[in-house]
Amino acid sequence: QGSAWQCCPESCMNPISDIPLWAFEWAGAFLGLTGAALLSLNVRASRFGWLLFLLSNGAWIAYGVKVGAHGLVVMQIGFTLTNLMGVYRWLVAAKM
């Protein structure tokens with residue numbers, strides 16, 4: 001009898017393998033929409049919309065990798081770069 005927690009070699013090496021596919025899809029959608037809504041309000045907390053966009057990018061990249069949607073992955077990498085610029089301008093440079 002082994003331990004109650006066991007994994008196959010693939011899932012031990014890939015921590016996202018046990019997360020259901022729908023979780024990445026819905027997290028990406030929810031975080032992206034929430035980030036966009038936050039930015040559109042143009043209030044003091046709006047700057048944190050960029051961080052939500054980055055989390056959304058991560059979820060969509062994971063989703064795209066899992067389903068083999070290479071175009072989606074490339075697009076999300078591009079969006080990640082633009083969102084990093086937003087984080088820099090709204091969160092880092094704003095404090096300088």
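What you see is a predicted model; the values in this text were computed from it and never measured.

Student: Would you explain the packing of aromatic side chains in this entry?
Tutor: Centre distance and the angle of the planes are the two values used to describe a pair of aromatic rings. This model, assessed by the stated rule, comprises three aromatic pairs. Ring geometry for Trp50 versus Phe53: centroids 5.8 Å apart, planes at 75 degrees, classification edge-to-face. Note that Trp50 and Phe53 are positioned in helix 3 (residues 49-67) at a spacing of three residues, about one turn of the helix. Residue Trp50 is classed as buried on the basis of its relative accessible area, which comes to 16%. Judged by its relative accessible area of 17%, Phe53 is buried. Relative to Tyr63, the ring of Trp60 lies with its centre 5.6 Å away and its plane at 85 degrees, an arrangement referred to as edge-to-face.

Student: How should unusual backbone geometry be read in this particular structure?
Tutor: The phi angle of most residues is negative, glycine excepted, and most peptide bonds adopt the trans form. Even without being glycine, Asn42 reaches a positive phi, approximately 50 degrees. Residue Asn42 is classed as exposed on the basis of its relative accessible area, which comes to 60%.

Student: Mind showing me how you'd approach the packing of helix 2 (residues 21-41) against helix 3 here?
Tutor: When two helices pack together, their arrangement is captured by the angle between the axes and the distance separating the axes. It is the contact of helix 2 with helix 3, at a shortest axis distance of 8 Å, that shows an interaxial angle of 155 degrees. On the basis of the axis angle, helix 2 is roughly antiparallel to helix 3. In this structure, the crossing between helix 2 and helix 3 has a hand that is left-handed. Class assignment for the residues of the contact of helix 2 with helix 3 results in 17 nonpolar, six polar and two charged.

Cut-offs applied
Residues numbered from 1 in each chain as written. Predicted model: local features only at pLDDT ≥ 70, side-chain atom pairs only at ≥ 80, totals over all residues. Heavy atoms only, no water. Phe/Tyr/Trp six-rings, centres within 6.5 Å; stacked < 30°, edge-to-face > 60°. Helix = DSSP H or I, 4+ residues; strand = E, 2+ residues; numbered from the N terminus. Buried < 20%, exposed > 50% of the residue type's maximum accessible area, 1.4 Å probe, protein only. Axes fitted to C-alpha atoms, helices over the stretch in contact; angles between N-to-C directions. Parallel < 35°, antiparallel > 145°, perpendicular 65-115°, else oblique. Left-handed = near helix turned anticlockwise from the far one by under 90°. Nonpolar A, V, L, I, M, F, W, Y, C, P; charged D, E, K, R; others polar.

By themselves, these figures tell us nothing about what the structure is for.
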